[in-house]
Amino acid sequence: MPVTGDLTTLIEPLKALANPVRFQVLQWLRDPEEHFPVDPAVTDPRAVGVCVSHIQAKTGLAQSTVSAYMAVLERAGLVRSTRVGKWTHYRRDEERIALLVEEFKREVGEGPTGDLLSP
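Draft legend 1. Structural view of the packing of helix 1 (residues 8-17) against helix 6 (residues 94-108). At a minimum axis distance of 10 Å, the contact between helix 1 and helix 6 shows a crossing angle of 115 degrees. As judged from the angle between their axes, helix 1 and helix 6 are roughly perpendicular. Between helix 1 and helix 6 lies a crossing whose hand is left-handed. Contacts from Thr-9, Leu-10, Pro-13 and Leu-14 of helix 1 reach helix 6 at Arg-96, Leu-100, Glu-103, Phe-104 and Glu-107. Looking at the contact of helix 1 with helix 6 residue by residue, the classes come out as five nonpolar, one polar and three charged.

Draft legend 2. Spotlight on the layout of surface pockets. Considering only enclosed or pocket space, the largest pocket measures out at about 360 Å³ in volume. Taken together, 15 residues form the lining of the largest pocket, with Leu-17, Phe-23, Leu-26, Ile-97 and Val-101 sitting closest to its centre. When contributions to the lining of the largest pocket are tallied by element, the ones reaching two or more residues are helix 1, helix 2 (20-30) and helix 6. Partitioning the lining of the largest pocket into residue classes produces 12 nonpolar, one polar and two charged.

Draft legend 3. Quick peek at the packing of aromatic side chains. Evaluation of the coordinates by the stated rule reveals one aromatic pair. Ring centres 6.1 Å apart and planes at 85 degrees place the aromatic pair Trp-28 and Phe-36 in the edge-to-face group. Judged on exposure class, the residue Trp-28 and its partner Phe-36 are both buried. When the ring centre of Tyr-69 is taken as origin, the NZ or CZ atom of Arg-22, which lies over that ring, is 5.2 Å away. One cation-aromatic arrangement involves Lys-58 over Trp-28; the distance from NZ or CZ to the ring centre is 4.9 Å.

Draft legend 4. Expanded view of helix 5 (residues 63-75). With 13 residues, helix 5 should reach 18 Å at 1.5 Å per residue; the first-to-last C-alpha distance of 18 Å fits that figure. The set of residues buried in helix 5 consists of Val-66, Met-70 and Leu-73. End-on view of helix 5: buried residues confined to an arc of 55 degrees, all on one side of the axis. For helix 5, exposure combined with an orientation more than 90 degrees from the buried face picks out Ser-64 and Arg-75. For helix 5, the secondary structure elements touched by its buried residues are helix 1, helix 2, helix 4 (52-59), strand 2 (79-84) and strand 3 (87-92). Directly after helix 5, the chain includes Gly-77, whose backbone phi takes a positive value near 80 degrees.

How each quantity is defined
- Residues numbered from 1 in each chain as written.
- Predicted model: local features only at pLDDT ≥ 70, side-chain atom pairs only at ≥ 80, totals over all residues.
- Heavy atoms only, no water.
- Axes fitted to C-alpha atoms, helices over the stretch in contact; angles between N-to-C directions.
- Helix = DSSP H or I, 4+ residues; strand = E, 2+ residues; numbered from the N terminus.
- Parallel < 35°, antiparallel > 145°, perpendicular 65-115°, else oblique.
- Left-handed = near helix turned anticlockwise from the far one by under 90°.
- Contact = heavy atoms within 4.5 Å.
- Nonpolar A, V, L, I, M, F, W, Y, C, P; charged D, E, K, R; others polar.
- 1 Å grid on protein atoms, 1.4 Å probe; cavity = no way out; pocket = protein on both sides within 12 Å on 5 of 7 lines; lining within 4 Å.
- Points joined across faces, edges and corners; volume = space filled by probe spheres on them.
- Phe/Tyr/Trp six-rings, centres within 6.5 Å; stacked < 30°, edge-to-face > 60°.
- Buried < 20%, exposed > 50% of the residue type's maximum accessible area, 1.4 Å probe, protein only.
- Lys NZ or Arg CZ within 6 Å of the ring centre and 35° of its normal.
- Expected span 1.5 Å × (residues − 1).
- Arc of directions from axis to C-beta.

Structural data, given as structure tokens:
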């Protein structure tokens, strides 16, 4: 069945989140102080983000895999990157995430209880 309308802005983030590790990283970045070692003297994890090396250490995956995962999340508009010296830091794009949630509600709808996808 063909897709009607331009749903690319919704489908790409959903594809990015279909990977459980990428989904978990996005969850961790919601509260970076709780999930990553934070040194406020170095960077503010809310304003600048979490260093990719901390994300890599927490996932236990190869640096190249984590970098590829973060690139997918960034292309999908879910995170933003900031270079600090030779390191890349990532933070959630809360404005974009909120817009995606609203778009998902419009396209899929809410059930009578306010839950997405409920009958």
